[in-house]
Amino acid sequence: MKFKRITALLMTTLLSVSLLAGCGDKGGNEGTTTDTADTSTTDTASDSAADTTETTEGGDDSASDKEYAADEIIDFTFFGAMPNPEINDGNEIQEIIAKKTGVRVKETWLTGQTASEAVGTIIASGEYPDFIDGGDACTQLYDADALVAWDEYIEKYPNIKELYSDEEWDRFRQDDGKIYWCNVFQNSYGENRSTTHNDEAFWIQVKVLEWGGYPEIHTLDQYYDLLERYAAENPTLEDGTPVIPYTMLCEDWRYFCIENAPQFLDGYPNDGSVIVDTDNMKIVDYNTTETAQKYFRKLNEEYNKGIIDVEFATQTYDEYIAKLSTGSVLGMCDQWWDFAFTVNDVFKQTGLDKEGCNYVPLGLTIEEGMDNMWHTYGDTQNVASGLAITTSCEDVEAAFKFVNDLLDQEIHDLRFWGVEGTDYLVDENGLYYRTEEMRMQASDTEYKASHLCAYSYFPQWLGTSKDGINAMQTSEQTSEFFAGLAEPLVKCFEAYGAENYPDMIGSVNKEMGPWFPMYSYSNNLTTETAGGVAWTKMGEVKHEWLPKIVMASDFDSAWDSYMSAYEACNPQDFLAEMQEELDRRVAAAQ
């Protein structure tokens, strides 16, 4: 059966997850192809990048000045507190980069623990990798005095410095006044090239929209109505696999897939842990709004109709990805980076993309006629976490030089385009492109492990290459984006007059304020404050109760019990601390 075939394909690799470096999306949303954002941040970063182009191309620190011999190459280690597939030893592009930079990094990733548990174990051992991205646990590393300050190296290495303006770098400073990590995602160089919606949405397979005659879907009711009608007429796939109209993920930090939709349904952007009411600059708790109750009531109705996956509350992430990869799941609410990099490659390898199984985002709101902000344009700066260098690193200078070298355009092209002639070609106008065979091999699990090396949790650019022609990453090359689309996806875009995924979701293009995103503060809360204690308890209660209220036979009774448990967490302490931080950010920007 198709499920067995796809499961076998998935088992050949660790599932790829471009997780919100350090957000776990309790609000955050990051990945190797992120495009969410603060428009003013984009402009500032782009301007500073453009100002230093001449400095970074060529010069004494250029990664291409020398080819290092095998005995000259330094081997560093990296640990990322998030799941990600490991590449093979002897990976071809990793070896090319090593010869050009003099550094090779062995990357290992989170397995079977939370970020906090894994980092806690490392701290207790006193033995650190050279590089680390602790995710939500970056502050634990800082508190343990395990990290090297970046300040002098930012000034020394121009490729690093140009990642952010001085004001943006200052936002990373800790309470001792120094910078200890750099978030590596959501930085655009030059013109924005975004084609994907690398954020959260209600997703739906294009074959469902085609079956429905490409209807306008703006509300939850319209969304579930279409899923219900399609599933009633198409209860199984061609091979007999039962269709799952809708599923959700509740495992660990990924319970955002069920938890945070109310902020979006009310038309607000992804501040992640709260709503910021910009009319009066007040913090609002999206967990207790009228929209939250309507949303969960709707989930409860759909569950009791048999539309929602009966296994949603207990399935693991791997099981969830395996289900999506069969093509049997019609819709879900999730972040693009949480599923697309793995699932879309499986669809391409198995031909399910040609059957209309690809997902597109819909910008749903609780009522018809509301603006939505599921997609925010430009770059979002998350200062809660990022790449750090530890005190165990024996050659800190070489470590920072390597970070700088990875941003050299030649090395950046190797990371995100591959080897010219093997992974991409160049036309007479200097435009990079791939053949269909190259696109297919780039989605192959074994090829990715043995050949491609993105160093995906090290600093990187989105936007436009320094040649002024190409995109920094293949996913944002407009010609490549369209050339790689399966026919059902092309037909869907054409039907809705869309040129890309952001067009499908139709969010208003509104500049974010200096406070955005608030999750960059809440993700670093600890139990040392009353607000942090409340935040921890709120998360525990929501983990326990949200699946219960979806599955309840009596929604009103279950909701009342949930609210009682929630109020016992003293959420007002958390909200007060968030209001204080909002006021501080607004005042600092004035």
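All values derive from a computational prediction rather than experimental measurement.

**Focus on the overall build of the chain**
- The number of helices and strands found in the chain is 27 helices and 13 strands.
- Relative to its 590 residues, the chain shows a buried fraction of 59%.
- In the chain, the proportion of contacts linking residues at least 24 apart, taken out of those at least 6 apart, comes to 78%.
- As displayed, the chain has an accessible area near 22,000 Å², and 48% of this comes from carbon and sulfur atoms.

**Re the sheet that holds strand β5 (residues 200-205)**
- Across the sheet, 3 strands lie side by side as β8-β5-β9; this open sheet has antiparallel pairing. On the outer flanks of this sheet lie β8 (331-335) and β9 (359-362), each paired with one strand and no other. Across this sheet, the average inter-strand angle for adjacent strands is 40 degrees, counted without regard to direction.

**Quick look at the packing of helix α4 (residues 92-101) against helix α18 (residues 409-416)**
- Relative to each other, α4 and α18 sit at 170 degrees, their axes nearing to 10 Å. As judged from the angle between their axes, α4 and α18 are roughly antiparallel. Packed against α4, whose contacting residues are Ile-93, Ile-96, Ile-97, Lys-100 and Thr-101, the element α18 presents Glu-410, Ile-411, Leu-414 and Arg-415 at the interface.
- Residue composition of the contact of α4 with α18, by class: 5 nonpolar, 1 polar and 3 charged.

**Observations regarding a negative patch on the surface**
- Taken together, the side chains of Glu-117, Glu-251, Asp-252, Asp-318 and Glu-319 present a region of like negative charge at the surface.
- Position of Glu-319 among the secondary structure elements: in helix α15 (residues 317-325).
- Classification of Glu-319 as partly exposed rests on a relative accessible area of 42%.

**Considerations on the packing of aromatic side chains**
- Under the counting rule described, the total for this entry stands at 51 aromatic pairs.
- Centre to centre, the rings of Phe-131 and Phe-458 are 5.0 Å apart; their planes meet at 70 degrees, and the pair counts as edge-to-face. Pair noted here: Phe-131 is in strand β3 (residues 131-133) and Phe-458 is in the loop between α20 (445-450) and β13 (462-463), with a separation of 327 residues, a long-range link. In terms of burial, Phe-131 and Phe-458 fall into one category: buried.
- When the centroid spacing of 5.9 Å and the interplanar angle of 25 degrees are considered together, the rings of Phe-555 and Trp-559 count as stacked. Residue Phe-555 and its partner Trp-559 are located together in helix α26 (residues 555-567), separated by 4 residues, close to a single helical turn.
- We classify Phe-555 as buried; its relative accessible area is 5%.
- The side chain of Arg-254 reaches across the aromatic face of Tyr-317, ending 3.6 Å from its centre.

**A word on the pattern of salt bridges**
- All chains considered together, the criterion is met by 35 salt bridges.
- Between Asp-338 and Arg-254 there is a salt bridge; the shortest N-O distance is 2.9 Å. Placement of Asp-338 in helix α16 (residues 336-350) and of Arg-254 in the loop between α11 (220-233) and α12 (256-259) is noted, with a sequence separation of 84 residues between them.
- One salt bridge connects Lys-323 with Glu-311, and the closest N-O pair in it is separated by 2.7 Å. A residue pair is termed long-range when its members are at least 10 positions apart, and Lys-323 in helix α15 and Glu-311 in the loop between α14 (290-305) and α15 qualify at 12 residues.
- Since its relative accessible area comes to 10%, Lys-323 is described here as buried.
- A relative accessible area of 41% means that Glu-311 is categorised as partly exposed.
- Each of Asp-221, Glu-228, Lys-298, Glu-301, Glu-302 and Lys-305 takes part in salt bridges that share partners, so that together they form one network.

**Section: the nonpolar core**
- Counting residues in each nonpolar core, the largest one holds 99 residues, and the members touching the most others are Phe-202, Tyr-246 and Ile-258.
- Here this core takes 8 residues from helix α25 (residues 530-551), the largest share from any one element.
- Not counting chain neighbours up to four residues away, the residues in contact with Tyr-246 comprise Phe-202, Tyr-223, Tyr-224, Leu-227, Leu-299, Ile-307, Ile-308, Asp-309, Gly-331, Met-332 and Cys-333.

**A few points about helix α17 (residues 396-406)**
- In terms of burial, α17 is a largely internal element, 9 of the 11 residues being buried.
- If you check which residues of α17 are buried, you get Val-396, Ala-398, Ala-399, Phe-400, Phe-402, Val-403, Asn-404, Asp-405 and Leu-406.

**Observations concerning the environment of Glu-319**
- Distance from Glu-319 to Leu-249, taken between C-alpha atoms, is 9.7 Å for residues 70 residues apart in sequence.
- For Glu-319, the side chain forms a polar contact with the main-chain nitrogen of Thr-316, separated by 2.9 Å.

**Notes on the confidence of the model for the chain**
- The pLDDT averaged across the chain works out to 89; a share of 89% of its residues lies at or above 70.
- Scored below 50 in pLDDT, residues 1-9 shows 18 contacts in the model against residues more than four places distant or in partner chains.

**Description of unusual backbone geometry**
- Of note, the amide linkage connecting Phe-516 to Pro-517 takes the cis form, showing an omega dihedral of 0 degrees.
- Mapped onto the elements, Pro-517 comes out in the loop between α23 (501-505) and α24 (519-522).
- For Asp-252, which is not glycine, the phi torsion reads 50 degrees and is therefore positive.
- Its location among the elements puts Asp-252 in the loop between α11 and α12.
- With relative accessibility at 37%, the residue Asp-252 sits in the partly exposed group.

**Structural notes on the side chain of Thr-350**
- Inspection of the secondary structure puts Thr-350 in helix α16.
- Thr-350 sits in the buried class, given a relative accessible area of 18%.
- Only 2.8 Å separates the side chain of Thr-350 from the backbone oxygen of Val-346, close enough to count as a polar contact.

**Side note on the side chain of Asp-338**
- For Asp-338, a relative accessible area of 0% translates into the label buried.
- A polar atom in the side chain of Asp-338 sits 2.9 Å from the side chain of Arg-254.

**Digging into the packing of α11 against α14**
- In the contact formed by α11 and α14, the axes pass within 11 Å of each other and the chain directions differ by 10 degrees. Looking at the two axes, α11 sits roughly parallel to α14. Each of Leu-220, Asp-221, Tyr-224 and Glu-228 in α11 lies in contact with α14, whose residues at this interface are Tyr-295, Lys-298, Leu-299, Glu-302 and Lys-305.
- Within the contact of α11 with α14, the residues separate by chemical class into 4 nonpolar, no polar and 5 charged.

How each quantity is defined
Every chain's residues receive numbers from 1 upward, in the order its sequence appears when written. This being a predicted model, a pLDDT of at least 70 is required before a residue's local features are given, and a value of 80 or more before pairs of side-chain atoms are given or counted; all residues contribute to the totals for chains, interfaces and linings. Computation of side-chain values covers all heavy atoms of the structure but excludes hydrogens and water. Strands are runs of DSSP state E lasting at least 2 residues, helices are runs of H or I lasting at least 4, and numbering of each runs from the N terminus. Between buried and exposed lies partly exposed: a residue is buried under 20% and exposed over 50% of the maximum accessible area for its type, with that area taken using a 1.4 Å probe on protein chains only. Any pair of residues with heavy atoms lying within 4.5 Å of one another is described as a contacting pair. Residue-level accessible areas treat just the shown protein chains as cover; the underlying method is Shrake-Rupley with a 1.4 Å probe. A pair of strands is labelled paired if DSSP reports no fewer than 2 bridges between them. To get an axis, fit a line to the C-alpha atoms, keeping to the stretch in contact for a helix; angles then go from 0 to 180 degrees between the N-to-C directions. For this classification, under 35 degrees means roughly parallel, over 145 means roughly antiparallel, 65 to 115 means roughly perpendicular, and everything else is oblique. Gly counts as polar in this scheme, as do all residues outside two lists: the nonpolar Ala, Val, Leu, Ile, Met, Phe, Trp, Tyr, Cys and Pro, and the charged Asp, Glu, Lys and Arg. Residues enter a patch when their relative accessible area is above 30% and they make no salt bridge; the linking distance is 9 Å between like charges and 5 Å between nonpolar side chains (Val, Leu, Ile, Met, Phe, Trp, Tyr). By definition here, a salt bridge exists when the distance from a side-chain nitrogen of Lys or Arg to a carboxyl oxygen of Asp or Glu is within 4 Å. Charge convention: Lys and Arg are scored as positive, Asp and Glu as negative, and His as well as the terminal groups of each chain are ignored. Positions of charges follow a simple convention, taking NZ of Lys, CZ of Arg, CG of Asp or CD of Glu. The criterion for an aromatic pair is that two Phe, Tyr or Trp rings (for Trp, the six-membered ring) have centres within 6.5 Å, with stacked assigned to planes under 30 degrees apart, edge-to-face to planes over 60 apart and tilted to the rest. Any Lys NZ or Arg CZ found within 6 Å of a ring centre and within 35 degrees of that ring's normal is scored as a charge over the ring. Here, nonpolar core refers to any group of buried Ala, Val, Leu, Ile, Met, Phe, Trp, Tyr and Cys residues whose side-chain atoms link them within 4.5 Å. Whenever two N or O atoms come within 3.5 Å, that pair is a polar contact, provided that in protein one can donate a hydrogen and the other can accept it, and provided that, for residues adjacent in sequence, both atoms are side-chain atoms. Per-residue confidence from the prediction method is given by pLDDT, with values spanning 0 to 100.

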